[in-house]
Amino acid sequence: KKKRTMSAKHIRGKIMAFRFEKVLRVKKHREDILKEDLANWQRTLEFEDSLLEKIRGVLEKALNETAVNQDKVLSINELKTCHSFILRLEEEKENQTKRVKELNEELSEARKRVIVASGERRVIEKLKEKNTAREKKEEEKVDQFIQDEIGLSLFRKKSKSEKVS
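Bear in mind that the values here come from a model prediction, so they are computed numbers and not experimental data.

Chemist: What is the right way to look at the overall build of the protein in this model?
Modeler: Along the backbone of the protein there are three helices and zero strands. Its helices and strands in sequence order give the protein the pattern α-α-α, from N to C terminus. In the protein, the share of contacts with a sequence separation of at least 24, taken over all contacts with a separation of at least 6, comes to 95%.

Dropping the structure here:
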């Protein structure tokens, strides 16, 4: 039977460095950037949504005032001004509603990107855990080999000393 020996590199102890550490750092950094981007989209959406609510409030107020003023006699110019103001508010409301819808879509896409980046990071972390466990097992094998060699050496030394006596 051929005796299995460990290389000097194993005996001296190899440097246990996770080779995916840089990849993991990049993945974490990318995920952080995407989370920050998501937060920016959320803040922008909240701002634009509040702006839409303000426009709706002003439009509702203008429509209520118009309804109240129907009993009053208004000049043609006042009616035109009021009508064009309401039309402009309705147009702004429509544009702002489109803007909010677009931002919701962008927010949804940003969430998807964060989920994908988070999944990629978790995959690398799992690889790291598996690699660490494998390296620990290899290190235990090396330690056991060294202990066996020391024990065998002591046994041979003791046997030689008993033969001499």
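Chemist: Could you clarify how one ought to interpret the nonpolar core in this entry?
Modeler: General note: in soluble globular proteins, nonpolar side chains tend to be found buried as a group. Counting ten residues, the largest nonpolar core consists of Leu 34, Leu 38, Leu 45, Leu 52, Val 100, Leu 103, Leu 107, Ala 110, Val 114 and Ala 117. Among the elements of the structure, α2 (21–68) and α3 (76–164) are those that each provide at least two residues to this core. With six residues, the single largest contributor to this core is α3. Beyond its immediate chain neighbours, meaning those up to four positions away, Leu 107 contacts Leu 38, Trp 41, Gln 42 and Leu 45.

Chemist: When you look at the pattern of salt bridges in this model, what are you seeing that I'm missing?
Modeler: Opposite charge on two side chains allows them to pair when their charged atoms are near. A complete count under the given rule lists twelve salt bridges for this structure. Among the salt bridges present, the one from Lys 27 reaches Glu 120, with a minimum N-O distance of 3.2 Å. Linking Lys 27 in helix α2 with Glu 120 in helix α3, this pair joins segments that are 93 residues apart in sequence. With relative accessibility at 30%, the residue Glu 120 sits in the partly exposed group. Among the ionic pairs, Glu 92 bridges to Arg 88, the shortest N-O distance being 3.0 Å. In this pair, Glu 92 and Arg 88 are both assigned in helix α3, four residues apart and thus about one turn of the helix distant.

Definitions and limits used
Residues numbered from 1 in each chain as written. Predicted model: local features only at pLDDT ≥ 70, side-chain atom pairs only at ≥ 80, totals over all residues. Heavy atoms only, no water. Helix = DSSP H or I, 4+ residues; strand = E, 2+ residues; numbered from the N terminus. Contact = heavy atoms within 4.5 Å. Core = buried A, V, L, I, M, F, W, Y, C linked by side-chain atoms within 4.5 Å. Buried < 20%, exposed > 50% of the residue type's maximum accessible area, 1.4 Å probe, protein only. Salt bridge = Lys/Arg side-chain N within 4 Å of Asp/Glu carboxyl O.

Without other data, these values stay purely geometric and don't point to any function.
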